[in-house]
Amino acid sequence: MGPKVKGNLAMSFSKVCSGLNQNALRYLQPAWMDAVSGVFLRLVFAGASFWLIGLFTNKRGGPSRPGIRRPGISWKDRLCLLCMGMFLVYGYMLGLLLALTYSTPVSSSLIICTEPVWVLLMATWFFHQPVTRGKVLGIGLGMAGCLVCILTQKSDDIATNPLLGNLCGLGGAIFYSVYLVASRGLLRKMDNITFNKWLFTGGAIAATAGIAIHGLHAPVLQQGLFSAPMLALLFVLVFPSTVSYLLVAVGIRDLPSTVVAIYGYVILIVSMAASYALGQDRFSWEQGLAVALIVLSVYLVEIADSGPARKDPAKAAAAVRPEGRKP
């Protein structure tokens, strides 16, 4: 099996898991677990999983390559990853689960799809990347799509408080976008397992503090192993929270960054299909307009952001795409 085929298969499975993750979490909330408890279970399980995998891989630095020796991870890097996990990853996951509690998987997936837009906006602001008409148009359309999604959705039996839920989802997307920008340098220093085990350890610390304050509300843990709620929880813990991150690393290694970014649309497609089939959402023309605006905005952003990289291969090799490492 060639590297391109392996990379495409890895990305396809990873993003299908991420799409179904939206529907599984929506099924579990709020009856079987609340948002704070769900974040706690995800981060603690994923953190423990990456530490266990790290015991077998036993890598101190980045992946070994002929003629290249990477230094071991420093305590400064560890502390930075712990802080990123405590604030950025925990904030992202809490925003996501709150969004799914009050809104719908399709709305949540729509807002997640705008992450490349926010990353580009931050890179333009903080790193003074050149501003082009394509970037401005893409950012404008992305913001318009978010506003349509946030302001037009009405409360009903499916979405109890869509305005609050969509605002929480937007906050989570911005937290994750900051994480993506902040993690770019660290991702060049170490392998994927080392990065994730320290990152998720920080997230688990914050999640444990949240449980100490809020309390654990997870009736799903009292269900039988083969009950529907427990199977949904196991899927969330094993696949979107752990396996997906390992597969994304394969995609980043074997595929161009633009191809990896395009796979972000799979989350929206899978989540929409499952939501309509399971009755977790109802289609509306406002939602269709938001989908069109956001898909077009991300396309314009990807085209605008990939132009300089095509001219400079060194920048292309160093670039970290927004959809590459999704918690």
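The structure presented is a predicted model; accordingly, all values stated were derived computationally and were not measured.

Caption draft 1: Seen up close, helix H4 (residues 105–112). Of all 8 residues that make up H4, 8 are buried, and the element is covered over most of its length. Listing the buried residues of H4 in full gives Pro105, Val106, Ser107, Ser108, Ser109, Leu110, Ile111 and Ile112.

Caption draft 2: Representation of the pattern of salt bridges. Taken as a whole and judged by the stated rule, the model has 3 salt bridges. Ionic pairing is found between arginine 282 and aspartate 156, a salt bridge with its closest N-O pair at 3.5 Å. Pair noted here: arginine 282 is in the loop between helix H11 (264–278) and helix H12 (285–311) and aspartate 156 is in the loop between helix H6 (133–152) and helix H7 (162–187), with a separation of 126 residues, a long-range link. Assessed through its relative accessible area of 44%, arginine 282 is described here as partly exposed. For aspartate 156, a relative accessible area of 35% corresponds to the partly exposed category. One salt bridge connects arginine 282 with aspartate 157, and the closest N-O pair in it is separated by 3.1 Å.

Caption draft 3: Up close: the nonpolar core. Membership of the largest hydrophobic core comes to 74 residues, with the highest contact counts inside it found for Leu43, Leu81, Leu110, Tyr179, Phe195 and Leu233. Sort the elements by how many residues they give to this core and helix H3 (residues 75–102) lands first, with 11 residues. For leucine 43, the residues in contact, after removing those within four places along its chain, are Val89, Tyr90, Met93, Phe200, Gly203, Ala204 and Ala207.

Caption draft 4: Structural detail: unusual backbone geometry. In the segment running from glutamine 29 into proline 30, the intervening peptide bond is cis, with an omega of -5 degrees. Within the secondary structure, proline 30 sits in the loop between helix H1 (3–28) and helix H2 (35–57).

Caption draft 5: Local environment of the packing of aromatic side chains. Scanning the model with the defined rule gives 9 aromatic pairs in all. Plain terms: the ring middles of tryptophan 51 and tryptophan 198 are 5.1 Å apart, the flat faces sit at 70 degrees to each other, and that makes the pair edge-to-face. Of this pair, tryptophan 51 sits in helix H2 while tryptophan 198 sits in helix H8 (residues 192–214), and the two are 147 residues apart along the sequence. For tryptophan 198, a relative accessible area of 12% gives the class buried. One aromatic cluster is present, formed by Tyr92, Tyr176, Tyr179 and Phe195 through successive ring pairs. A cation sits over an aromatic face here: arginine 78 above tryptophan 75, 4.3 Å from the ring centre.

The rules behind the values
- Residues numbered from 1 in each chain as written.
- Predicted model: local features only at pLDDT ≥ 70, side-chain atom pairs only at ≥ 80, totals over all residues.
- Heavy atoms only, no water.
- Buried < 20%, exposed > 50% of the residue type's maximum accessible area, 1.4 Å probe, protein only.
- Helix = DSSP H or I, 4+ residues; strand = E, 2+ residues; numbered from the N terminus.
- Salt bridge = Lys/Arg side-chain N within 4 Å of Asp/Glu carboxyl O.
- Core = buried A, V, L, I, M, F, W, Y, C linked by side-chain atoms within 4.5 Å.
- Contact = heavy atoms within 4.5 Å.
- Phe/Tyr/Trp six-rings, centres within 6.5 Å; stacked < 30°, edge-to-face > 60°.
- Lys NZ or Arg CZ within 6 Å of the ring centre and 35° of its normal.

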